[in-house]
Amino acid sequence: MSMFGFGARAPPSSAEKIAAAEAEIEMVSNMFNQLVDTCTRKCIPPTYREADLNKGESVCLDRCVAKFFEVNVKVSEKMQGEAAQRGGAAGGGAFGA
């Protein structure tokens, strides 16, 4: 605990670190599965004519993946900004500033 009684937290335990790592792996796995499902549905027809992707399918997949990650980054930045604003408003001035 800090000298003024706020602001300091105990370092995370080993179990907390493992839980955080597991949650991160789950989140990344879910994002990957969503990416695969979305881009496959959009770019690859359900009836296959060839063993390999044709040029149009390949370009579509490249663009779909790029857009997916671009949107993911923008959403993450927006959510982090909103969380920081809420944290800043809740934290307030510690010394009545």
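Summary of the structure given here. (Residues numbered from 1 in each chain as written. Predicted model: local features only at pLDDT ≥ 70, side-chain atom pairs only at ≥ 80, totals over all residues. Heavy atoms only, no water.)

1. Focus on the overall build of the protein chain
Here's step 1: When helices and strands are counted, the protein chain shows two helices and zero strands.
Here's step 2: Surface accessibility of the protein chain: about 8,500 Å² in total, with carbon and sulfur atoms responsible for 60%. (Helix = DSSP H or I, 4+ residues; strand = E, 2+ residues; numbered from the N terminus. Areas by Shrake-Rupley, 256 points an atom, 1.4 Å probe, with all protein chains shown as cover.)

2. So, a nonpolar patch on the surface
Here's step 1: The grouping of Val71, Val75 and Met79 at the surface amounts to a nonpolar patch, some 280 Å² of accessible area in total.
Here's step 2: By the element assignment, Val71 lies in helix H2 (residues 55–91). (Patch = residues over 30% accessible without salt bridge, like charges linked within 9 Å, V, L, I, M, F, W, Y side chains within 5 Å. Salt bridge = Lys/Arg side-chain N within 4 Å of Asp/Glu carboxyl O.)

3. Notes on the packing of aromatic side chains
Here's step 1: All chains considered together, the criterion is met by one aromatic pair.
Here's step 2: Aromatic pair Phe68 and Phe69: ring centres 6.1 Å apart, planes at 85 degrees, arrangement edge-to-face.
Here's step 3: Take Phe69: its relative accessible area is 38%, and that puts it in the partly exposed class. (Phe/Tyr/Trp six-rings, centres within 6.5 Å; stacked < 30°, edge-to-face > 60°. Buried < 20%, exposed > 50% of the residue type's maximum accessible area, 1.4 Å probe, protein only.)

4. Focus: the pattern of salt bridges
Here's step 1: For the coordinates displayed, the defined rule picks out two salt bridges.
Here's step 2: The partner of Lys74 in a salt bridge is Glu70, with the nearest N and O atoms 3.5 Å apart. With Lys74 and Glu70 both in helix H2 and four residues apart, the pair spans about one turn of that helix.
Here's step 3: What makes Glu70 partly exposed here is its relative accessible area of 45%.
Here's step 4: One salt bridge in this structure joins Glu82 and Lys78, with 3.9 Å as the shortest N-O distance. Pair noted here: Glu82 and Lys78 are both in helix H2, with a separation of four residues, about one helical turn.
Here's step 5: A relative accessible area of 55% means that Lys78 is categorised as exposed.

5. Some words on the nonpolar core
Here's step 1: Residues Leu35, Cys39, Cys43, Ile44, Leu61, Cys64 and Phe68 constitute the largest nonpolar core, which totals seven residues.
Here's step 2: Counting only elements with at least two residues in this core, the list comes to helix H1 (14–43) and H2.
Here's step 3: Contact partners of Ile44, with chain neighbours within four places excluded, come to Cys39, Leu53 and Leu61. (Core = buried A, V, L, I, M, F, W, Y, C linked by side-chain atoms within 4.5 Å. Contact = heavy atoms within 4.5 Å.)

6. What to know about the state of the cysteines
Here's step 1: Taken as a whole and judged by the stated rule, the model has two disulfides.
Here's step 2: Here the cysteine-cysteine linkages of the protein chain are recorded as 1-4, 2-3, numbering only bonded cysteines and doing so in sequence order. (Disulfide = S-S within 2.5 Å.)

7. With respect to H1
Here's step 1: Here H1 is 30 residues long and its end C-alpha atoms lie 43 Å apart, about the 44 Å a rise of 1.5 Å per residue gives.
Here's step 2: Buried within H1 are the following residues: Leu35, Cys39 and Cys43. (Expected span 1.5 Å × (residues − 1).)

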